[in-house]
Amino acid sequence: MVSVSEGTRLAGVIREQSSEILASWIARFERSPLRFRRATKAVTHTAQVASLVEALGVAATSDNGELRPGSDATRELERAAAFLGAGFASEGSTGFDIAALLLELRDVTAGLVTAEDSAHLTRLFEWLTVIALDAFASAGMQSLREKQADQLETGTPVVEIMPKVPATLLVGAPSSSVIDNLLARAWMLAVGTGAPCLIVDCTGLAEPGERAFEAGYVAFLGQVEGSVLQVLLSGARRPLRERAAALAGEKSVAFQHFDRLDSAVGHAMERAGYHLVRRS
């Protein structure tokens, strides 16, 4: 047995037995009871585990063998664990696979030390598992947000309701960058058709989307500034429409708000030269 307090000796043992550590880990990982779907093979992650083992040896040398979670010596180990967790998220694996990878590696490496000092390794690997799972969850959420943004940008209507009556119908909770892109597309549609007005309907905009609206709207006004286009906002709640009107005024962009989309469409059609018959 090698004591963790003898950091240099532990690092030497890890270097000398790295092949045996990897072989033992592969066998343990493949049969680990923590894994359910078993969608990934050990060979896929052997290089990552080898890097973790190497970083563990370096940490054992640099930290006087204490292997304290959060210390300078374990920083590279923690980074490697975070990178590992994020990588699993892109592979369609599960958190159970991550836990199996790290906890089985813990058990293998703990066999190199005394029972008393294996507690240090146990705490360290539990910490690394938490880091990896946190990175896994964060990467998954980021991927989901990116997919939602792509779907909103692709699926949000930017259309001519009638010839020379362009409109974009904002829905859900798009980010400011998605709103910016949608309004840029709507502006190009208005320019391409020679429309006097552009309708921006906010009826379907959720509260988070309203909070993100301003940044994208300001960028849009920067494009529209100096043109004769009138911006018609419809269906916006009072705080949003008041802020939108104020920002349009700062850029000297013609602006009008309508409570209903059909009213905005009627106004845009009149400005486009349609002759509407109003019923009493």
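Up top is the structure.
Read on for an overview of the structure. Everything numeric here is computed off the predicted structure, so don't read it as measured data.

The rules behind the values
- Residues numbered from 1 in each chain as written.
- Predicted model: local features only at pLDDT ≥ 70, side-chain atom pairs only at ≥ 80, totals over all residues.
- Heavy atoms only, no water.
- Core = buried A, V, L, I, M, F, W, Y, C linked by side-chain atoms within 4.5 Å.
- Buried < 20%, exposed > 50% of the residue type's maximum accessible area, 1.4 Å probe, protein only.
- Helix = DSSP H or I, 4+ residues; strand = E, 2+ residues; numbered from the N terminus.
- Contact = heavy atoms within 4.5 Å.
- Phe/Tyr/Trp six-rings, centres within 6.5 Å; stacked < 30°, edge-to-face > 60°.
- Lys NZ or Arg CZ within 6 Å of the ring centre and 35° of its normal.
- Pairing = 2+ DSSP bridges.
- Axes fitted to C-alpha atoms, helices over the stretch in contact; angles between N-to-C directions.
- Parallel < 35°, antiparallel > 145°, perpendicular 65-115°, else oblique.
- Left-handed = near helix turned anticlockwise from the far one by under 90°.
- Nonpolar A, V, L, I, M, F, W, Y, C, P; charged D, E, K, R; others polar.
- Expected span 1.5 Å × (residues − 1).
- Right-handed = clockwise from strand over helix to strand, strands pointing away.

## Focus: the nonpolar core
Residues Leu-56, Leu-77, Leu-101, Leu-102 and Leu-105 are the most contacted members of the largest nonpolar core, which totals 34 residues. Elements supplying a minimum of two residues to this core: α1 (7–16), α2 (18–30), α3 (46–62), α4 (75–90), α5 (95–110) and α6 (118–155). Look past the residues within four positions of Leu-56 in its chain and what remains in contact with it is Ile-14, Leu-67, Leu-77, Thr-109, Leu-121, Leu-124 and Phe-125. Core analysis: the next-biggest nonpolar cluster, separate from the first, contains 30 residues, Ile-179, Leu-198, Tyr-217 and Val-224 among them.

## A word on the packing of aromatic side chains
In this description, a pair of aromatic rings is defined by centroid distance and the angle of the planes. Under the defined criterion, the tally for this structure stands at three aromatic pairs. For the ring pair Phe-213 and Tyr-217, a centre distance of 5.0 Å and an interplane angle of 25° mean the geometry is stacked. Of this pair, Phe-213 and Tyr-217 both sit in helix α8 (residues 207–224), separated by four residues, roughly a single helical turn. Judged by relative accessible area, which is 1%, Tyr-217 ranks as buried. The structure contains a cluster of three or more aromatic residues connected by ring pairs, namely Phe-213, Tyr-217 and Phe-220. Here the basic side chain of Arg-35 rests over the ring of Phe-29, its NZ or CZ set 4.1 Å away from the ring centre.

## Structural notes on the sheet that holds strand β3 (residues 197–205)
Across the sheet, which stays open at both edges, the five strands sit in the order β1-β2-β3-β4-β5 with mixed pairing between neighbours. Strand pairing shows two members of the sheet lacking a second neighbour, β1 (158–162) and β5 (254–258), which therefore form its edges. Across this sheet, the average inter-strand angle for adjacent strands is 25°, counted without regard to direction. When strand β2 (residues 165–172) meets β3, the two strands line up parallel, connected through five bridges. Within β3, the residue paired with Thr-168 across the bridge is Val-200.

## Some words on the packing of α5 against α6
As a packed pair, α5 and α6 sit with axes 9 Å apart at the nearest point and diverge in direction by 160°. In terms of orientation, α5 and α6 fall into the roughly antiparallel class. Handedness of the α5/α6 crossing: right-handed. Contacts between α5 and α6 involve Gly-95, Ile-98, Ala-99, Leu-102, Leu-103, Leu-105, Arg-106, Thr-109 and Ala-110 from the former and Ser-118, Leu-121, Thr-122, Phe-125, Glu-126, Leu-128, Thr-129, Ala-132, Leu-133 and Phe-136 from the latter. Its residues placed into classes, the contact of α5 with α6 shows twelve nonpolar, five polar and two charged.

## Description of helix α7 (residues 176–193)
Taking 1.5 Å per residue as the helical rise, α7 with its 18 residues ought to reach 26 Å, and the 26 Å between its terminal C-alpha atoms agrees with that figure. Where α7 is concerned, the buried positions are Val-178, Ile-179, Leu-182, Leu-183, Ala-186, Trp-187, Ala-190 and Thr-193. Buried residues in α7 make contact with α6, β1, β2, β3 and α8. Residue Gly-194 follows α7 closely and has a positive phi angle near 65°.

## Notes on the pairing of β5
In the case of a regular strand, side chains alternate between the two sheet surfaces. Bridging between strand β4 (residues 230–234) and β5 involves five bridges; their strand directions are parallel. Pairing of Leu-232 across the sheet is with Gln-256, part of β5. Between β4 and its parallel partner β5, the chain crosses via helix α9 (residues 238–250), and the hand of that crossover is right-handed.

## Thoughts on the packing of α2 against α5
Remark: α2 packs on α5, axes separated minimally by 9 Å, with the N-to-C direction vectors making an angle of 135°. Classed by the angle they form, the pair α2 and α5 counts as oblique. Of the two elements, α2 crosses α5, and the hand of that crossing is right-handed. Packed against α2, whose contacting residues are Ile-21, Ser-24, Trp-25, Arg-28 and Phe-29, the element α5 presents Asp-97, Ala-100, Leu-101, Glu-104, Leu-105, Asp-107, Val-108 and Thr-109 at the interface. Classifying every residue of the contact of α2 with α5 by side-chain character gives seven nonpolar, two polar and four charged.

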